[in-house]
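For reference, the chains in residue letters:
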Amino acid sequence: MREARFYEKLENKGVICRLCAFNCTIPEGKTGTCRVRKNIDGTLYSLNYDKVSIANPDNIEKKPLYHFAPGSHAFSIATPGCNWRCKYCQNWDLSQGEIEGKSISPEEIVRRAKDAGCQGISYTYSEPTIFYELTYDTAKIAHKEGLYNTYVTNGYMNLEPIREISPYMDAVTVDFKGSGEKDFLRKFSSVPSPEPIYRGLEEWRKRKVHVEITDLLVPNIGDSMEKTRDLVKWVKENLGDETPIHFIRFFPHYLVLDLPQTPLVTLEEAYDIAREEGMKYVYIGNVFGEKNNTYCPRCGKILINRLGMKTLEYRIMDGKCPYCNEKINIKGEKWIPINK
Ligand code: SF4
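Keep in mind it's a predicted model, so treat the numbers as computed, not measured. (Residues numbered from 1 in each chain as written. Predicted model: local features only at pLDDT ≥ 70, side-chain atom pairs only at ≥ 80, totals over all residues. Heavy atoms only, no water.)

So, the pattern of salt bridges
- Across all of its chains, the model carries 25 salt bridges by this definition.
- Where Asp-50 meets Lys-51, a salt bridge forms, and the shortest distance between an N and an O atom there is 3.6 Å.
- Classification of Asp-50 by relative accessible area gives partly exposed; the value is 22%.
- A salt bridge links Arg-186 to Asp-183; the shortest N-O distance between them is 2.6 Å. Of the two residues, Arg-186 and Asp-183 are both situated in helix α5 (residues 182-189); the distance of three residues between them amounts to about one turn of the helix.
- Salt bridges linked by common partners bring Glu-160, Arg-163, Glu-203, Lys-206 and Arg-207 together as one network. (Salt bridge = Lys/Arg side-chain N within 4 Å of Asp/Glu carboxyl O. Buried < 20%, exposed > 50% of the residue type's maximum accessible area, 1.4 Å probe, protein only. Helix = DSSP H or I, 4+ residues; strand = E, 2+ residues; numbered from the N terminus.)

See the structure below:
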């Protein structure tokens with residue numbers, strides 16, 4: 001436990017937390033919506049700073065980040081807790097479970113990442129916003145040691161925390177659910193509005209942090225293709241047509257076990273919409289197949305060949321297609337461990 005950042009003290013020992021867009025007002029003795037920030041005697045504490053529950057290497061493609069340091073390994077850490085309450089959560093035992101884990105210092109996380117042969121660290125699985133203090137302290141040390149940092153996030157962080165951590169953050173995957181449709185998020189995630197996600201994305205972009213978008217399509221309740229088109233248009237207009245976008249298959253979890261997995265036809269329709277709208281790098285996630293590969297947007301040749309979440313072949317040369325010389329949106333080449 002340690003004192004939290006980004007909060008204001010109120011009268012009668014109350015506080016307002018300004019870390020995420022919920023901006024919780026927290027009376028003395030209570031926790032915020034995320035359950036891991038507690039007001040103790042008028043001071044806000046991060047309860048999960050020393051509660052690391054996952055610490056292991058993953059392929060960077062698992063995040064998914066397909067255009068950042070392909071083939072590298074990210075030491076992936078998480079603590080319990082989340083600011084969202086998704087009834088379809090894929091990691092609900094972590095996000096909504098007990099607040100327990102091990103105390104691992106930022107120095108120790110970086111040391112373990114290097115010992116495991118990782119090129120970077122990813123703050124993932126639950127929601128990194130709610131263990132911000134640990135991510136910030138770790139990310140600074142990781143950069144000094146030559147490792148990259150990435151967030152996998154629901155995008156609900158406020159702008160000031162984004163500004164503070166962006167010098168140390170190399171890439172961010174922002175996970176939309178149901179294409180960010182307002183009623184779906186309100187009903188199934190207890191999120192009042194998707195607007196803060198868009199403001200946050202603009203800020204990451206402004207700070208020149210590499211961004212990829214995922215969109216979990218949940219059948220029957222969060223799979224409106226009209227909304228998918230709206231999301232794609234927003235991404236193209238505000239982040240650019242080179243922003244990678246991944247449509248992710250849902251599998252039944254947690255409180256919506258009665259739903260089927262996302263039909264392939266739905267994912268392919270979303271894929272086609274994104275291509276029709278002019279997005280250059282579109283993927284289907286949680287499904288093996290050719291829509292995991294990266295193709296040159298100009299000549300159509302395969303540039304990165306993947307098997308599921310693993311990079312098998314990397315053909316890009318100095319950020320360009322080796323067949324037609326088209327410039328390709330690839331970041332973090334210095335961390336690519338595979339032979340070009
Ligand atoms: S981080 Fe937690 S306490 Fe702070 S505003 Fe968000 S949900 Fe509320």
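Now that the structure is up, let's keep going.
Some points on the nonpolar core
- Ranked by internal contacts, the top residues of the largest apolar core, which has 80 residues, are Tyr-88, Ile-121, Tyr-151, Leu-201, Trp-204 and Phe-247.
- Built from parts of two domains, this core gets at least three residues from each of domain 1 (2-46) and domain 2 (54-335).
- In this structure, Tyr-151 is in contact with Tyr-123, Pro-128, Tyr-132, Thr-135, Met-157, Ile-165, Met-169, Ala-171, Val-172, Thr-173 and Trp-204, ignoring residues within four places of it in sequence.
- Listed in part, the twelve residues of the second largest apolar core include Tyr-66, Tyr-281, Leu-303 and Ile-336. (Core = buried A, V, L, I, M, F, W, Y, C linked by side-chain atoms within 4.5 Å. Domains from an automatic or database assignment. Contact = heavy atoms within 4.5 Å.)

Description of unusual backbone geometry
- Omega for the peptide link from Lys-63 to Pro-64 comes to -5°, which places this bond in the cis form.
- Checked against the element boundaries, Pro-64 lands in the loop between β7 (54-59) and β8 (73-78).
- A positive phi is found at Lys-208, a non-glycine position, where the angle reads about 65°.
- If you trace the backbone, Lys-208 turns up in the loop between α6 (195-206) and β12 (210-217).

Structural notes on the side chain of Lys-227
- Note that Lys-227 resides in helix α7 (residues 225-238).
- Of the side chains with opposite charge, Asp-230 lies nearest to the buried Lys-227, which makes no salt bridge, at 4.4 Å.
- Contacts of Lys-227, omitting those with residues within four sequence positions, involve Gly-178, Ser-179, Gly-180, Glu-181 and Tyr-198. (Lys, Arg positive; Asp, Glu negative; His and termini not counted.)

Observations concerning the layout of surface pockets
- The volume enclosed by the largest pocket comes to roughly 900 Å³.
- Lys-63, Gln-90, Asn-91, Val-152 and Asp-175 are, among the 40 residues lining the largest pocket, the residues nearest its centre.
- Among the elements of the structure, β10 (148-153), β11 (171-177), β12 and β13 (245-249) are those that each provide at least two residues to the lining of the largest pocket.
- Within the lining of the largest pocket, the residues separate by chemical class into 16 nonpolar, 15 polar and nine charged.
- Taken as a whole, the second largest pocket holds about 260 Å³ of empty space.
- Together, 13 residues line the second largest pocket, and Arg-205, Val-209, Val-211, Leu-239 and Lys-331 are the ones closest to its centre.
- Taken together, the residues that form the lining of the second largest pocket break down as four nonpolar, four polar and five charged. (1 Å grid on protein atoms, 1.4 Å probe; cavity = no way out; pocket = protein on both sides within 12 Å on 5 of 7 lines; lining within 4 Å. Points joined across faces, edges and corners; volume = space filled by probe spheres on them. Nonpolar A, V, L, I, M, F, W, Y, C, P; charged D, E, K, R; others polar.)

Comments concerning helix α3 (residues 132-144)
- Between its first and last C-alpha atoms α3 spans 19 Å; for 13 residues at 1.5 Å apiece the expected length is 18 Å, and the two agree.
- Directly after α3, the chain includes Gly-146, whose backbone phi takes a positive value near 85°. (Expected span 1.5 Å × (residues − 1).)

Considering α6
- Look at α6: 17 Å from first C-alpha to last across twelve residues, which is about the 16 Å you get at 1.5 Å a residue.
- Burial in α6 covers these residues: Ile-197, Tyr-198, Gly-200, Leu-201, Glu-203 and Trp-204.
- Residues of α6 that are buried make contact with β10, α4 (159-165), β11, β12 and α7.
- Count one or two residues on from α6 and you reach Lys-208, which has phi positive near 65°.

So, the domain arrangement of the protein chain
- Structurally, the protein chain comprises domain 1 (2-46) and domain 2 (54-335).
- Placing a centre on the C-alpha atoms of domain 1 and another on those of domain 2 gives a separation of 28 Å.
- Taken together, the two surfaces of domain 1 and domain 2 that pack against each other cover about 1,600 Å², and 57% of this comes from carbon and sulfur.
- Inspection of the region where domain 1 meets domain 2 yields three salt bridges.
- One salt bridge in this structure joins Asp-137 and Arg-2, with 3.4 Å as the shortest N-O distance.
- For the pair domain 1 and domain 2, the number of links is 14 residue pairs in polar contact (both at pLDDT 80 or more).
- Across the side of domain 1 that touches domain 2, the residue classes tally to eight nonpolar, three polar and six charged. (Buried area = accessible area lost by both parts, 1.4 Å probe. Polar contact = N/O pair within 3.5 Å; in protein donor to acceptor, adjacent residues only side chain to side chain.)

Focus on empty space enclosed by the protein
- Counted according to the given criterion, the structure contains one cavity of 30 Å³ or more.
- Its boundaries defined by the atoms lining it, the largest cavity holds a volume of some 90 Å³.
- Together, 13 residues line the largest cavity, and Cys-17, Cys-20, Cys-24, Cys-34 and Arg-37 are the ones closest to its centre.
- Across the lining of the largest cavity, the residue classes tally to eight nonpolar, four polar and one charged.

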